[in-house]
Amino acid sequence: MVKAIFVNEGIEIEVPLGTTIMEAARLCEVYLESPCNGTGTCGKCEVSVNDEIVLACETELLIDTEIHTLMNQAQNRSLQILSSGRSFQYDLKPMFDSGYGLVVDIGTTTLVVSLVNLTTGEEEASESLLNPQAQYAQDVLSRIQLAGEGDSLDTLYFALTDALNDVLMRLSAEIGISNDDIKDAVYSGNTTMLHLAVRKDPTSLGKYPYTPALTGGRYQEADSLRIGGDIYLPPFISAFVGADITSGILASGLSHTAETTLFIDIGTNGEMVLAMNGELVATSTAAGPAFEGMNISQGMRASKGAIDRFQFNDDGTFIYSTINNAPAVGICGSGLLDAIGELVRVGIIGKTGRFSDKSKEFHITENVAITQNDIRQLQLAKGAVRTGIDAMLMARNISPDDIERVEIAGSFGYHLKESSLLDLKMLPESFRGKVSFVGNTSHSGGAALLLNTDLRAQMEKVVKSVQAIELADDDDFQKMFINSLGF
């Protein structure tokens, strides 16, 4: 046996000889990025051993070893995760007359956990954190694939429930209640995340005809989650348009708006809904992890030291900001979109995505640069979102000019700027001045479903009326996608 000593976290664990640093980290719940699930291809699990930078997934422990993580737990706690979102007035009609309810927004990358007083409707405690499943597989498709391998479904399930139980212990202590006082719960999230959250095999979502093992709109046993009640799952629209969008439709009032409205939740998935004359069309695109700073050379989560804003001045100089005003150590998704959008606007990056002066990179600081590959990764992500928009407009035979209102939802989307989305051509130019940022509607809509059970029946009826478009079945998808890559 040998000791793995994680210096920054103050954690020490004894493991068998030959255990990798990544395996040791997971055993003692030290978070290390691993978007490629330990195949050694992403390079995001770098740690320092004896002043040498190594990959945790490839480095075996042969002697007692001190390990310095490059992104420690304190930095994880500085992550900017939005918990609030647009909501509306509704009567209090909870399932139970007293006690507390739990609302969990389960994102592919993040979690938002809240305890709500069922009598008053007030949120009394809340915490946001990384979804621990992201250390095993970064995006939805990777997680579906992993869940079908060996006992990985249990690994993903218990990673989530263990994290939620830890949060519940802290939040319950904060407001002085016990587990038995939590009588009702609502999970809001995409279809895959909710399968994993209740230990249902999601592999059918990864192959035609993409049939969910769950449909939502019903309760599931809480099982390993230490609460006094069961879990309500809102109804899913399709395999790739989940309960988070159902919650978003509710929070934004899309099913009864008079304006032609486009609702887009931008993240590792680009899920979107078009509301027109009371009718709803929905689709989803696999945007991938670039918006979260993954697959980017100096990309990182939205935590301390991440460049989150960038802008050129009229005289050709530029300014940028970092989270917590800390020295720049990388760039997160909003900073990446800002920077590339500005580089496109001033002509340093051309319409095809290449640097105009044949450069290989653009330095923001001495240590943080935008590379040609970073631009390509962003083009793929933004191209996926734009293709989804174009496909829905085609399905309803309308043009971008016909859209009266655009709502950008999600924690990531909230930190974006309209100008960046337009400069990158992620959104059509005719959307200028029509864009609003509505926040975490998955969470706010989930809270509404917790506090008014009449809304559950209402949304179950709405979901049945939504036309879901599967882009994989669209013969023009590849052509539209290629056309959407340019700036």
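Residues numbered from 1 in each chain as written. Predicted model: local features only at pLDDT ≥ 70, side-chain atom pairs only at ≥ 80, totals over all residues. Heavy atoms only, no water.

J.: Is there a simple way to think about the domain arrangement of the protein chain in this case?
T.: Accessible area lost upon the coming together of the parts serves often as the stated size of an interface. Its domain assignment divides the protein chain into domain 1 (2-69) and domain 2 (100-243). Taken over C-alpha atoms, the centre of domain 1 sits 28 Å from the centre of domain 2. Between domain 1 and domain 2 the total buried area reaches about 770 Å² when both faces are included, carbon and sulfur atoms providing 44% of it. Inspection of the domain 1/domain 2 interface yields zero salt bridges. Between the two partners, domain 1 and domain 2, sit one residue pair in polar contact (both at pLDDT 80 or more). Its residues assigned to classes, the side of domain 1 that touches domain 2 comprises four nonpolar, two polar and three charged. (Domains from an automatic or database assignment. Buried area = accessible area lost by both parts, 1.4 Å probe. Salt bridge = Lys/Arg side-chain N within 4 Å of Asp/Glu carboxyl O. Polar contact = N/O pair within 3.5 Å; in protein donor to acceptor, adjacent residues only side chain to side chain. Nonpolar A, V, L, I, M, F, W, Y, C, P; charged D, E, K, R; others polar.)

J.: Would you take a moment to explain unusual backbone geometry for this structure?
T.: Working note: non-glycine residues mostly have negative phi, and peptide bonds are mostly trans. Here the amide bond leading from Tyr-208 into Pro-209 is cis, since omega sits at 10°, within 30 degrees of zero. Summarising the element assignment, Pro-209 is placed in the loop between helix H5 (191-197) and strand E10 (218-220). If you check the backbone angles, Asn-324 has positive phi at about 65° while not being a glycine. Among the secondary structure elements, Asn-324 is positioned in the loop between strand E16 (318-322) and strand E17 (330-331). (Helix = DSSP H or I, 4+ residues; strand = E, 2+ residues; numbered from the N terminus.)

J.: Looking at this model, I keep getting lost on the sheet that holds strand E15 (residues 306-312). Mind explaining?
T.: Backbone-to-backbone hydrogen bonds join strands into a sheet, with any given pair of strands oriented parallel or antiparallel. Strands sit in the order E16-E15-E17 across an open sheet of three strands; the sheet is mixed. The strands lining the two open edges of the sheet, one partner per strand, are E16 and E17. For E15 and E16, the ladder comprises five bridges, and the chain directions are antiparallel. Residue pairing across strands places Ile-307 opposite Thr-322, the latter belonging to E16. (Pairing = 2+ DSSP bridges.)

J.: Quick question: what am I supposed to make of the packing of helix H11 (residues 441-451) against helix H12 (residues 454-465) here?
T.: The description of two packed helices rests on the angle between their axes and on the distance between the axes. At a closest axis distance of 6 Å, the pairing of H11 and H12 adopts a crossing angle of 120°. Judged by the inter-axis angle, H11 sits oblique to H12. Side by side, H11 and H12 meet where Ala-448, Leu-449 and Leu-450 of the first sit next to Leu-455, Arg-456 and Met-459 of the second. (Axes fitted to C-alpha atoms, helices over the stretch in contact; angles between N-to-C directions. Parallel < 35°, antiparallel > 145°, perpendicular 65-115°, else oblique. Contact = heavy atoms within 4.5 Å.)

J.: Explain the pattern of salt bridges here, please?
T.: Oppositely charged side chains are able to pair whenever their charged atoms sit close together. Using the criterion set out here, one finds 15 salt bridges in the structure. Of the charged contacts, one joins Glu-407 and Arg-86 as a salt bridge, the two residues approaching to 2.4 Å between their closest N and O atoms. In this pair, Glu-407 is assigned in strand E20 (residues 405-409) and Arg-86 in the loop between helix H2 (73-77) and strand E6 (100-106), connecting sequence segments 321 residues apart. The salt bridge partner of Glu-342 is Arg-345, with a shortest N-O separation of 2.8 Å. One end of the pair is Glu-342 and the other is Arg-345, both in helix H7 (residues 333-345) and three residues apart, which spans about a single turn. The partly exposed category is assigned to Arg-345, whose relative accessible area is 47%. (Buried < 20%, exposed > 50% of the residue type's maximum accessible area, 1.4 Å probe, protein only.)

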